[in-house]
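Structural characterization, general
One letter stands for each residue in the lines below.
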Amino acid sequence: MAKTIMHCDKPVIDVEMDQRRFVVKVGKIYDKSLLPCVFSEKEEDLKIGLQRWMLSRQVGRTRADIAPIKAFYGAEIFESKNMVSLQDCYWIRNEKEETWEQLSPFRNWSYEDDCYFELLHDPENTYEVDNISPNLTIPGLDPRFWYIYNGELGLITEASQMDMKLYKVAKEMQLEKYVAPRSYIPLRGTIYSFHPSGTSEQVERIPFDVLYDSVAVEGAKKIDNLRNCCETYHLKNWKDFMSSVMRLDEALGNKERNLCELGVLRKTDTLEIMGFDRI
């Protein structure tokens, strides 16, 4: 299957995928600066990078709330057709006539009518899925969904107590400038916590590990690579940010945070780095 990875309405790179959606061949690169992964002159490295990017736009295969539905209906209903997300403006064009204006979830998606939220909360009365919901490109195993609360776009999670604890501890440690505010929201008999994302068609979130990998030197110390990355991309206050995240994780007993969990905000049109996203 020949596809084109797009950024808004700009083609980025042509890829060929097999039926399992594994990248088997990369084709023409239209704009190297827009690649969603680390660029390499070696085709094999680029294939691996693109595959990692695609895997990062999938819900966890063993996500507890999805597993029983997937077992009954089949895994294909949880595969995003276009890989649209509300984190950024990347997508995969399947047909030449498809446009960003038609498919952008920032314009065309409604949290009130999302078929996947309905499928997981009322499967007996949900008869159709669209395979283009941005809820299909949320990575990880936590039951999370996109939502709009008080006019703000953000994510809700069923792990509400743990999520609210993070924010409470951050406030106690006076680190809330690096942590998005949380609110409790009751929905369908479940108490969720909500935090705003800060993303839009004008501002997108890029996983920090993409930037880190782009400049990391093999064999160098992690702190040296970290410093080089932050200085290369002009990430101000990075020392304070990283120190605060480590202090917060230590207070919470979190020993498993990865660089891919941290995000960087950038302007969609110019790709100008704006700074670290709040966790």
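Coordinates for the structure precede this section.
Summary of the structure given here. A quick note: this is a predicted structure, and the numbers were derived from the prediction, not measured. Counting of residues starts from 1 at the beginning of each chain's written sequence and follows it residue by residue. It should be noted that, the model being predicted, local features are given only for residues of pLDDT at least 70 and side-chain atom pairs only at 80 or more, the latter also being counted only at that level, while totals for whole chains, interfaces and linings use all residues. Side-chain metrics rest on all non-hydrogen atoms present in the structure, leaving aside hydrogens and water.

1. Regarding the pattern of salt bridges
As a reminder of what qualifies: The working definition used for a salt bridge is a side-chain nitrogen of Lys or Arg within 4 Å of a carboxyl oxygen of Asp or Glu. Helical segments are the DSSP runs of H or I of at least four residues, strand segments are the runs of E of at least two, and each set is numbered from the N terminus. Each residue's exposure class comes from its accessible area (1.4 Å probe, protein chains only) as a fraction of the maximum for that residue type: buried when under 20%, exposed when over 50%, partly exposed otherwise.
Evaluation of the coordinates by the stated rule reveals 15 salt bridges. For Arg266, the salt bridge identified is with Glu204, shortest N-O distance 2.9 Å. Note that Arg266 is positioned in strand S10 (residues 263–267) and Glu204 in strand S9 (residues 203–207), a separation of 62 residues in sequence. For Glu204, a relative accessible area of 0% corresponds to the buried category. The shortest N-O distance in the salt bridge between Glu272 and Lys267 comes to 3.3 Å.

2. Overview of the packing of helix H7 (residues 208–215) against helix H8 (residues 222–232)
Stated formally: A fitted line through C-alpha atoms represents every axis, and for helices the fit uses only the stretch in contact; the resulting angles, taken between N-to-C directions, go from 0 to 180 degrees. In these notes the angle categories are as follows: under 35 degrees is roughly parallel, over 145 is roughly antiparallel, 65 to 115 is roughly perpendicular, and the rest is oblique. By definition, residues are in contact when any of their heavy atoms lie within 4.5 Å. Put simply, Ala, Val, Leu, Ile, Met, Phe, Trp, Tyr, Cys and Pro go in the nonpolar bin, Asp, Glu, Lys and Arg in the charged bin, and everything else, Gly too, in the polar bin.
As a packed pair, H7 and H8 sit with axes 9 Å apart at the nearest point and diverge in direction by 105°. If you check the angle between H7 and H8, you find them roughly perpendicular. From H7, Phe208, Leu211, Tyr212 and Val215 reach across to H8, where they touch Lys222, Asn225, Leu226, Asn228, Cys229, Cys230 and Thr232. Looking at the contact of H7 with H8, its residues break down into 7 nonpolar, 3 polar and 1 charged.

3. Notes on the nonpolar core
Convention followed: Residues belong to one nonpolar core when they are buried, are Ala, Val, Leu, Ile, Met, Phe, Trp, Tyr or Cys, and are joined through side-chain atoms within 4.5 Å.
One finds Phe208, Phe241, Met242, Leu248 and Phe276 to be the most contacted residues of the largest nonpolar core, which totals 24 residues. For Met242, the contacting residues outside a window of four places in its chain are Phe208, Leu226, Leu262 and Phe276.

4. Notes on H8
What counts is decided by this rule: Think of the arc as the fan of directions from the helix axis to the C-beta atoms.
For H8, the set of buried residues is Asn225, Leu226, Cys229 and Cys230. All buried residues of H8 lie within an arc of 125° about the axis, which places them on one face of the element. Contacts made by the buried residues of H8 are with H7, helix H9 (238–252) and strand S11 (273–276). Downstream of H8 by a residue or two, His234 has a phi angle that is positive, lying close to 55°.

5. Some words on the environment of Cys229
If you trace the backbone, Cys229 turns up in helix H8. Overall, the relative accessible area of 0% leaves Cys229 in the buried class. Along the chain, Cys229 and Val215 lie 14 residues apart, while their C-alpha atoms are 6.1 Å from each other.

6. Section: the environment of Ser133
Quick reminder of the rule: Distance and chemistry together define a polar contact, namely a pair of N or O atoms within 3.5 Å, with one atom able to donate a hydrogen and the other to accept it when in protein, and with adjacent residues in sequence counting only for side-chain atoms on both sides.
Looking at where Ser133 falls in the secondary structure, it is placed in the loop between helix H5 (115–121) and strand S5 (144–149). A relative accessible area of 1% places Ser133 in the buried class. Along the backbone, Ser133 and Leu252 are 119 residues apart, and their C-alpha atoms lie at a distance of 33 Å. In this structure the side chain of Ser133 is engaged in a polar contact, spanning 2.5 Å, whose partner is the side chain of Asp114.

7. Focus: the packing of helix H6 (residues 160–172) against H9
Definition in use: In this scheme, a crossing is called left-handed if the near helix is turned counterclockwise away from the far one by less than a right angle; it is called right-handed if the turn is clockwise.
The geometry of H6 relative to H9 is characterised by a closest axis approach of 10 Å and an angle of 120° between their N-to-C directions. Classified by the angle between their axes, H6 and H9 sit oblique to one another. Seen along the crossing, H6 lies across H9 with a hand that is right-handed. Residue-level contacts link Lys165, Leu166, Val169 and Ala170 of H6 to Leu248, Ala251 and Leu252 of H9. Considering only residue class, the contact of H6 with H9 consists of 6 nonpolar, no polar and 1 charged.

8. What about the side chain of Glu204?
In this structure the side chain of Glu204 is engaged in a polar contact, spanning 2.9 Å, whose partner is the side chain of His7. A polar contact is formed between the side chain of Glu204 and the backbone nitrogen of Cys89, at a distance of 3.0 Å. Residues in contact with Glu204, not counting those within four places in the same chain, are His7, Gln87, Asp88, Cys89, Thr199, Val264, Leu265, Arg266, Thr268 and Leu271.

9. Some points on the environment of Ile92
You can see Ile92 is positioned in strand S4 (residues 90–93). Each C-alpha atom of the pair Ile92 and Met6 lies 5.7 Å from the other, and the pair is 86 residues apart in sequence. Leaving out residues up to four positions away in the same chain, Ile92 has contacts with Lys3, Thr4, Ile5, Met54, Asn82, Met83 and Glu98.

10. A short note on the sheet that holds S9
Note the cut-off: When DSSP locates at least two bridges between a pair of strands, those strands are taken to pair.
Taken in spatial order, the 3 strands make up an open sheet running S9-S10-S11, and their pairing is antiparallel. Of all strands in the sheet, those with a lone pairing partner are S9 and S11, marking the two edges. Direction aside, the axes of adjacent strands within the sheet are offset by 30° on average. Where S9 meets S10, 5 bridges bridge the pair, whose relative direction is antiparallel. Among the inter-strand pairings, Arg205 is bridged to a residue of S10, identified as Leu265.

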